[in-house]
Amino acid sequence: MEISGKNFKILLTREEIDARVEVLAKEIADDARGKNPLFLVNLTGAMFFACDLLKRIDYPCEVYPMKFSSYVDNRSSMEVKEDLFPDIDLEGRNVYVLEDIADTGLTVHSLSAFLKDKGCATCKIAVLLVKPDKLQVPLKIDYYGFEIGDDYVAGYGLDVDFTGRNLKDIYVMTDNL
Ligand code: 5GP
């Protein structure tokens, strides 16, 4: 499959993703039951993961979008910026963050610290994909879907140059970076 002029092959099929999301949804639903949970979906990559997971929780929950992104600043150090955050009081709430991927881990690390400062009673992180060999910061991830290698992935919410998010399977780039 060619995406934005680069070559990709299937890494995880839609069936594999679906089966894993089903398990995660059950674990999270059991854990969050009776806790008036509040879900924060980190846009844009976690959209598909979040929809599939949240539809499987069969009691009412609060769900909000947010947008935290990491970037390299002009001194080549990694920074995280908050582009969108809902105007809600998190004091005493049981918060669950849904994120697409932990690569360096900086985004998850920073958003966990940000949410703890907001006074949540608990803050749990669910990440669909983790690249263990690329993590640069210690991470406490409560739920994850799959551990994968270092190469760039796309599909199921993840983009290549803004395209390919709509693909149902997850693909890995086969070109040398
Ligand atoms: P981190 O802060 O962990 O380095 O990066 C997190 C963000 O970088 C993710 O939310 C995602 O948007 C982007 N990212 C990291 N690795 C990949 C990848 O392999 N594919 C895509 N499409 N995005 C990635």
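Higher on the page you've got the structure.
The paragraphs below set out a description of the structure included in this document. Owing to the predicted nature of the structure, the values given are computational and were not obtained by experimental measurement.

We now examine the overall build of the protein. Counting its secondary structure elements, the protein contains three helices and ten strands. Against the 2.2 N^0.38 benchmark of 16 Å for 177 residues, the protein shows a C-alpha radius of gyration of 16 Å, consistent with a compact globule. With respect to the principal axes defined by its C-alpha atoms, the protein has extents near 45 × 40 × 25 Å. Here the analysis covers contacts within the protein between residues at least 6 apart in sequence; of these, 67% occur between residues at least 24 apart. With 21 positive and 31 negative side-chain charges, the protein shows a separation of 2 Å between the mean positions of the two kinds.

A complete count under the given rule lists four aromatic pairs for this structure. Relative to Y96, the ring of F39 lies with its centre 5.2 Å away and its plane at 25°, an arrangement referred to as stacked. Of this pair, F39 sits in strand β3 (residues 38–42) while Y96 is found in strand β6 (residues 94–102), placing the two residues 57 residues apart along the sequence. For F39, a relative accessible area of 0% gives the class buried. By the ring-pair criterion, three or more aromatic residues cluster together here, those being F68, F85 and F114.

Here the focus is the site of the ligand. Among the 15 residues in the neighbourhood of the ligand, the closest are listed as D103, T104, T107, K131 and V153. Between an oxygen atom of the ligand and a side-chain N or O atom of T104, the distance comes to 2.4 Å. Between T107 and the ligand, the recorded distance is 2.5 Å, taken from a side-chain N or O atom to an oxygen atom. Within the complex, 84% of the 510 Å² of free accessible area of the ligand lies under protein. Where the shell around the ligand is concerned, the elements lending two or more residues are β6 and α3 (106–117). Across the shell around the ligand, the residue classes break down as six nonpolar, four polar and five charged.

You can see L139 is positioned in the loop between β7 (122–130) and β8 (143–147). Leave out the neighbours within four places in its chain, and L139 touches A102, G105, V108 and H109.

A separate point is the packing of helix α1 (residues 14–32) against helix α2 (residues 47–54). For the pair α1 and α2, interaxial distance at closest approach is 9 Å and the crossing angle is 60°. Looking at the two axes, α1 sits oblique to α2. Where α1 crosses over α2, the handedness of that crossing is right-handed. For the pair α1 and α2, contact is made by V21, L24, A25 and I28 and by F49, D52 and L53, respectively.

Rules used in this analysis
- Residues numbered from 1 in each chain as written.
- Predicted model: local features only at pLDDT ≥ 70, side-chain atom pairs only at ≥ 80, totals over all residues.
- Heavy atoms only, no water.
- Helix = DSSP H or I, 4+ residues; strand = E, 2+ residues; numbered from the N terminus.
- Rg over C-alpha atoms; globule rule 2.2 N^0.38 Å.
- Contact = heavy atoms within 4.5 Å.
- Lys, Arg positive; Asp, Glu negative; His and termini not counted.
- Charge placed at Lys NZ, Arg CZ, Asp CG, Glu CD.
- Phe/Tyr/Trp six-rings, centres within 6.5 Å; stacked < 30°, edge-to-face > 60°.
- Buried < 20%, exposed > 50% of the residue type's maximum accessible area, 1.4 Å probe, protein only.
- Near = heavy atom within 4 Å.
- Polar contact = N/O pair within 3.5 Å; in protein donor to acceptor, adjacent residues only side chain to side chain.
- Areas by Shrake-Rupley, 256 points an atom, 1.4 Å probe, with all protein chains shown as cover.
- Nonpolar A, V, L, I, M, F, W, Y, C, P; charged D, E, K, R; others polar.
- Axes fitted to C-alpha atoms, helices over the stretch in contact; angles between N-to-C directions.
- Parallel < 35°, antiparallel > 145°, perpendicular 65-115°, else oblique.
- Left-handed = near helix turned anticlockwise from the far one by under 90°.

Spatial relationships are all this shows, so hold off on functional conclusions.
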